[in-house]
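For reference, the chains in residue letters:
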There are 2 protein chains.
Amino acid sequence: MNVEEIIKTSKKMPLESRTLIHITLIHNKIYELIGNALKPFEVSLQQFNVLRILRGQKGKPANLSTLNDRMVTKMSNTTRLVDKLLAKGYVDRCVCPSNRRKVEILITESGSQALTQMDKVVAETENEIVQHFTKQELEQLNLLLDKF
Amino acid sequence: MNVEEIIKTSKKMPLESRTLIHITLIHNKIYELIGNALKPFEVSLQQFNVLRILRGQKGKPANLSTLNDRMVTKMSNTTRLVDKLLAKGYVDRCVCPSNRRKVEILITESGSQALTQMDKVVAETENEIVQHFTKQELEQLNLLLDKF
DNA sequence: GATAAATTTTTGTTAAAACAGAAATGAAGG
DNA sequence: CCTTCATTTCTGTTTTAACAAAAATTTATC
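This one's a predicted model, so the numbers in the text were calculated from it and none came from an experiment.

1. Some words on helix α6 (residues 109–129) of chain A
- Here α6 of chain A spans 30 Å end to end across 21 residues, near enough to the 30 Å set by a 1.5 Å rise per residue.
- Looking at the buried positions of α6 of chain A, the neighbouring elements they touch are α2 (15–38), α3 (45–56) and β2 (103–107) of chain A together with α2 (15–38) of chain B.

2. Regarding the packing of α2 of chain A against helix α7 (residues 135–145) of chain B
- In the contact formed by α2 of chain A and α7 of chain B, the axes pass within 10 Å of each other and the chain directions differ by 30°. Put simply, α2 of chain A runs roughly parallel to α7 of chain B. Considering only the axes of α2 of chain A and α7 of chain B, their crossing is left-handed. Every residue of α7 of chain B that contacts α2 of chain A at L15, E16, R18, T19, H22, I23 and I26 of chain A is listed here: K135, L138, E139, L141, N142 and L145 of chain B.
- Of the residues belonging to the contact of α2 of chain A with α7 of chain B, the class tally is six nonpolar, three polar and four charged.

3. Quick notes on the packing of α2 of chain B against helix α6 (residues 109–129) of chain B
All names here are of chain B.
- Between α2 and α6, the least distance of the axes is 9 Å, while the angle of their chain directions is 150°. The pairing of α2 with α6 is recorded here as roughly antiparallel in orientation. α6 is crossed by α2, and the crossing has right-handed handedness. Within the contact between the two elements, α2 uses I30, L33, I34, A37 and L38 and α6 uses M118, V121, V122, T125, E126 and I129.
- Partitioning the contact of α2 with α6 into residue classes produces nine nonpolar, one polar and one charged.

4. Re the protein's contact with DNA strand C
- Around DNA strand C, the surrounding shell holds 18 residues, and the nearest of these are R101 of chain A together with S65, T79, R80 and R101 of chain B.
- The contact in question runs from a base nitrogen of DNA strand C to an N or O atom on the side chain of S76 of chain A, over 3.5 Å.
- Separating a phosphate oxygen of DNA strand C from a backbone N or O atom of L64 of chain B is a distance of 3.0 Å.

5. Structural notes on the protein's contact with DNA strand D
- Close to DNA strand D lie 18 residues, the nearest being S65, T79, R80 and R101 of chain A together with R101 of chain B.
- The sugar and phosphate moieties of DNA strand D supply 56% of its atoms located within 4 Å of the protein.
- Between DNA strand D and R101 of chain A there is a distance of 3.0 Å, counted from a base oxygen to a side-chain nitrogen or oxygen.
- The separation between a phosphate oxygen of DNA strand D and a polar main-chain atom of R100 of chain B is 3.2 Å.

6. Describing the interface of chain A and chain B
- Each side of the interface is counted separately: chain A has 46 residues, and chain B has 46 residues.
- Carbon and sulfur atoms supply 65% of the area that chain A and chain B bury against each other, a total of about 4,900 Å² over both sides.
- The tally of links from chain A across to chain B stands at four salt bridges.
- In this structure, the salt-bridge partner of E137 of chain A is K147 of chain B, at a minimum N-O distance of 3.3 Å.
- Linking chain A to chain B there are 23 residue pairs in polar contact (both at pLDDT 80 or more).
- Of all the secondary structure elements, the ones that give two or more residues to the side of chain A that touches chain B are α2, α4 (64–70), α6 and α7 (135–145) of chain A.
- With 16 residues, α2 of chain A is the single largest residue contributor to the side of chain A that touches chain B.
- Across the side of chain A that touches chain B, the residue classes tally to 20 nonpolar, twelve polar and 14 charged.

7. Examining the confidence of the model for chain A
- Per-residue confidence for chain A gives a mean pLDDT of 94, with 100% of residues at or over 70.
- α7 of chain A holds the highest mean pLDDT among the elements of chain A, 98, whereas helix α1 (residues 3–6) of chain A holds the lowest, 91.

8. So, α7 of chain B
- All of the buried residues along α7 of chain B are E137, L138, L141, N142, L144 and L145 of chain B. Down the axis of α7 of chain B, the smallest arc covering the buried residues is 160°, so these residues share one side. Away from its buried face by more than 90 degrees, α7 of chain B exposes K135, Q136 and L143 of chain B.
- On its buried face, α7 of chain B is in contact with α2 and α7 of chain A together with α2 of chain B.

9. Examining the pattern of salt bridges
- By the definition in use, this model includes twelve salt bridges over all chains.
- Here R18 of chain B makes a salt bridge to D146 of chain A, at a shortest N to O gap of 3.4 Å. Within this pair, whereas R18 of chain B is found in helix α2, its partner D146 of chain A is found in the segment after α7, the two belonging to separate chains.
- Of the residues examined, R18 of chain B reaches a relative accessible area of 12% and is grouped as buried.
- The residue D83 of chain B makes a salt bridge to R93 of chain B at a minimum N-O spacing of 2.7 Å. Linking D83 of chain B in helix α5 (residues 78–87) with R93 of chain B in strand β1 (residues 91–95), this pair joins segments that are ten residues apart in sequence.
- Through salt bridges with shared partners, one network takes in E4 and R18 of chain A together with D146 of chain B.

What counts and what doesn't
Note on numbering: residues in each chain are counted from 1, in written sequence order. Ligands are numbered from 1 and chains lettered from A, in the order in which they are written. Two thresholds apply to this predicted model, a pLDDT of at least 70 for residue-level local features and 80 or more for giving and counting side-chain atom pairs, whereas whole-chain, interface and lining totals are computed over all residues. Only heavy atoms go into the side-chain values, all of them from the structure, while hydrogens and water stay out. Here a helix means four or more residues in a row that DSSP labels H or I, a strand means two or more in a row labelled E, and each is numbered from the N terminus. An expected span of 1.5 Å times one less than the residue number is assigned to each helix. Throughout, a residue-residue contact means that at least one pair of heavy atoms, one from each residue, lies within 4.5 Å. To obtain each axis, a line is fitted to C-alpha atoms, and for helices this fit is confined to the stretch in contact; angles are then taken between N-to-C directions over 0 to 180 degrees. Note on terminology: angles under 35 degrees are roughly parallel, angles over 145 are roughly antiparallel, angles of 65 to 115 are roughly perpendicular, and the others are oblique. Note: crossing handedness is left-handed where the near helix turns anticlockwise from the far helix by less than a right angle, and right-handed where it turns clockwise. Gly falls in the polar group here, along with every residue not listed as nonpolar (Ala, Val, Leu, Ile, Met, Phe, Trp, Tyr, Cys, Pro) or charged (Asp, Glu, Lys, Arg). Whether a residue is near a molecule or strand is decided by its heavy atoms; if any one of them lies within 4 Å of it, the residue is near. Polar contacts here mean pairs of N or O atoms no more than 3.5 Å apart (in protein, one a potential hydrogen donor and the other a potential acceptor; neighbouring residues in sequence count only if both atoms are side-chain atoms). Accessible area that two parts lose when put together, with a 1.4 Å probe and added across both, is what the buried area reports. A side-chain nitrogen of Lys or Arg and a carboxyl oxygen of Asp or Glu constitute a salt bridge if their distance falls within 4 Å. Confidence of the predictor at the level of single residues is given by pLDDT, which spans 0 to 100. Each residue's exposure class comes from its accessible area (1.4 Å probe, protein chains only) as a fraction of the maximum for that residue type: buried when under 20%, exposed when over 50%, partly exposed otherwise. By definition, the arc is the one covered by directions from the helix axis to the C-beta atoms.

What follows is the structure, encoded as structure tokens:
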């Protein structure tokens, strides 16, 4: 990925700016490719992430704030995101008996099965995105990214 | 930035996934911090980028497709984005005389002045974001990011 | 020159995100 | 108990983005 080529500039930009633009461009690429991979399942990346979090709960229900905590991109409308998964039958939602302010959200069998399919295409896409990296380079990259 | 801590997971995830989540988290941080820095000027990051592109034109008008080409995040609604800058008096827009399909967009004096102010806070924010990097590390990071 | 095709921008519609505030419930203190 | 405050979720509103199609103009072809 050549930053200057993509944003069609010949100017030399400060290394700091270039780095941040670079990250944004890569993020756009990730978002687009994984979004496309998920399109056949009619779920957004966010919905996919929620499903993965729910699976990670291993049967323990999650409430909305737990979901929000663990989501990569936080948002205030997690309610409506879960609404959509509910409409697809991928999750169940009910009021928490011990604290009726909270809700309990669980992935359904149908959601689990769909998620297994999604995992495959997403993993493929992820591998495709990082295909030019050696394992060592990825480790090095992660170390550098940790500095943010 | 500790990925595992932010998304509150203790599970060991594949290096490929961790890298991509990492990029997304950093992007969110960049977007949030620069967005906040621009808030006093009531422009979005996208609007700020358009203004910078227009300044880069050095008086030469840009049409919408040129803007789109050079934008970091492409979008189909550049028209409406320019509408907003127009409403703030930061740009001028008129039909291109030599090809009446096109429009010519120019940054105004007022836009230039505002942009100078924005540049300051954005540069400060950018430096803040990469404050834990040495110049050498930034170069190394850019080399790795080029591999995407 | 008329017709078809291509380019560029605009508009309409729907979906998603951001922001703020309301509603419901629970906890704490008098 | 009653009031106040805190927590959690939901709802309403406004922006922004994504997608598709329409409108206007130019270019190409017959």
